[in-house]
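# Descriptive structure summary
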Amino acid sequence: MSNAQFYELYRRSSIGMALTDSLDELIQSGHINPQLAMRVLTTFDKSISEALSQLVRNKATIKGHLHTYRFCDDIWTFIVENPNFKFEQESVTADKIKIVACNAKRPGEQ
């Protein structure tokens, strides 16, 4: 595995939380050790980042009320109220969303 580090953003997604819960159960039951669980999470970070950047090509337009925005450590965070997502063939709404945007490469990478 490469020494490149990937953002841990997707650990808070539903699939990331399910993986974390499963790993916690495996640690508690003695089936794996915490070091192996951390290697699994690091591999997950890399795999999900690469899969999303290579496989997802859909585009959407988002309109809504920008409630809050923040830029810290090269990471943008936006809170949008009443967003409306327009995809090619459908439209989706929500009460509020949080968008976190990072550089494709972490600081210090080539």
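Residues numbered from 1 in each chain as written. Predicted model: local features only at pLDDT ≥ 70, side-chain atom pairs only at ≥ 80, totals over all residues. Heavy atoms only, no water.

Applied cut-off: UniProt positions are given in the numbering used here, feature names are shortened, and annotations may be inferred rather than shown by experiment.
Under an unreviewed UniProt entry, the name given to the protein chain is Transcription initiation factor IIA subunit 2, and the source organism is Lichtheimia corymbifera JMRC:FSU:9682. In UniProt, the protein chain has this text filed under Subunit (unreviewed entry): "TFIIA is a heterodimer composed of the large TOA1 and the small TOA2 subunits." Entered under Subcellular location (unreviewed entry) in the UniProt record, the comment concerning the protein chain runs "Nucleus".

### Quick word on the overall build of the protein chain
Defined as follows: Counting from the N terminus, the helices are the DSSP runs of H or I reaching at least four residues and the strands are the DSSP runs of E reaching at least two. What the globule rule says is 2.2 Å times the number of residues to the power 0.38, and the radius of gyration is computed from C-alpha atoms. We call a residue buried when its accessible area falls under 20% of the maximum for its residue type, exposed when it is over 50%, and partly exposed in between, using a 1.4 Å probe and counting protein chains only. Throughout, a contact is declared for two residues whenever any of their heavy atoms are within 4.5 Å. The method behind every accessible area is Shrake-Rupley, applied with a 1.4 Å probe, and residues are considered shielded solely by the protein chains displayed. Only four residue types enter the tally: Lys and Arg on the positive side, Asp and Glu on the negative side; His and the chain ends are excluded. Here the site of a charge means atom NZ of a Lys, CZ of an Arg, CG of an Asp or CD of a Glu.
Of the regular secondary structure elements, the protein chain holds two helices and four strands. For a compact globule of 110 residues, the expected C-alpha radius of gyration is about 13 Å, and the protein chain comes in at 17 Å, more than 25% above that figure. Dimensions of the protein chain along its principal axes, counting C-alpha atoms only, are 45 × 35 × 25 Å. Sorting the 110 residues of the protein chain into buried and exposed places 15% on the buried side. Sequence separation of at least 24 residues holds for 40% of the intrachain contacts in the protein chain that already meet a minimum separation of 6. When the accessible surface of the protein chain is totalled, it reaches about 8,800 Å², and 52% of it is carbon and sulfur. Measuring between centres, the 13 positive side-chain charges of the protein chain sit 6 Å from its 13 negative side-chain charges.

### Comments concerning the packing of helix α1 (residues 14–28) against helix α2 (residues 34–55)
Helix packing geometry: the angle between the two helix axes and the distance between the axes. Selection rule: Axes here mean lines fitted to C-alpha atoms, for a helix over just the part in contact, with angles spanning 0 to 180 degrees between N-to-C directions. Throughout this description, any angle smaller than 35 degrees is read as roughly parallel, any larger than 145 degrees as roughly antiparallel, any in the 65 to 115 degree range as roughly perpendicular, and the remainder as oblique. Handedness of a helix crossing follows the sense of rotation of the near helix relative to the far helix, less than a right angle counterclockwise being left-handed and clockwise being right-handed. Residue polarity follows a fixed list, in which Ala, Val, Leu, Ile, Met, Phe, Trp, Tyr, Cys and Pro are nonpolar, Asp, Glu, Lys and Arg are charged, and the others, Gly among them, are polar.
The contact between α1 and α2 brings their axes to 10 Å, and the two run at 165 degrees. On the basis of their axis angle, the class for α1 and α2 is roughly antiparallel. Considering only the axes of α1 and α2, their crossing is right-handed. Counted together, I15, G16, L19, T20, L23 and I27 of α1 and P34, A37, V40, L41 and F44 of α2 form the full contact between these two elements. Residues of the contact of α1 with α2, tallied by class, amount to nine nonpolar, two polar and no charged.

### Considerations on the side chain of T77
If you trace the backbone, T77 turns up in strand β2 (residues 75–86). If we ignore the near neighbours within four places in the chain, the residues touching T77 are T68, Y69, R70, K98, I99 and V100.

### Details of the pattern of salt bridges
Note that side chains of opposite charge can pair when their charged atoms are close. Filter applied, for reference: In what follows, salt bridge is the name for a side-chain nitrogen of Lys or Arg lying within 4 Å of a carboxyl oxygen of Asp or Glu.
A full pass over the atoms with the stated rule returns two salt bridges. One network of salt bridges, with partners in common, ties together E8, R11 and D45.

### A few points about the domain arrangement of the protein chain
Applied cut-off: How far each domain reaches was decided by an automatic or database domain assignment.
Taken domain by domain, the protein chain consists of domain 1 (9–55) and domain 2 (61–102). Between the C-alpha centres of domain 1 and domain 2 the distance comes to 25 Å.

### Considering the UniProt feature "domain: Transcription initiation factor IIA gamma subunit N-terminal" (unreviewed entry) in the protein chain
When the UniProt feature table is mapped onto this chain, "domain: Transcription initiation factor IIA gamma subunit N-terminal" (unreviewed entry) is found at residues 6–52. Taken end to end, residues 6–52 comprises 72% helix and 0% strand; its first and last C-alpha atoms sit 13 Å apart.

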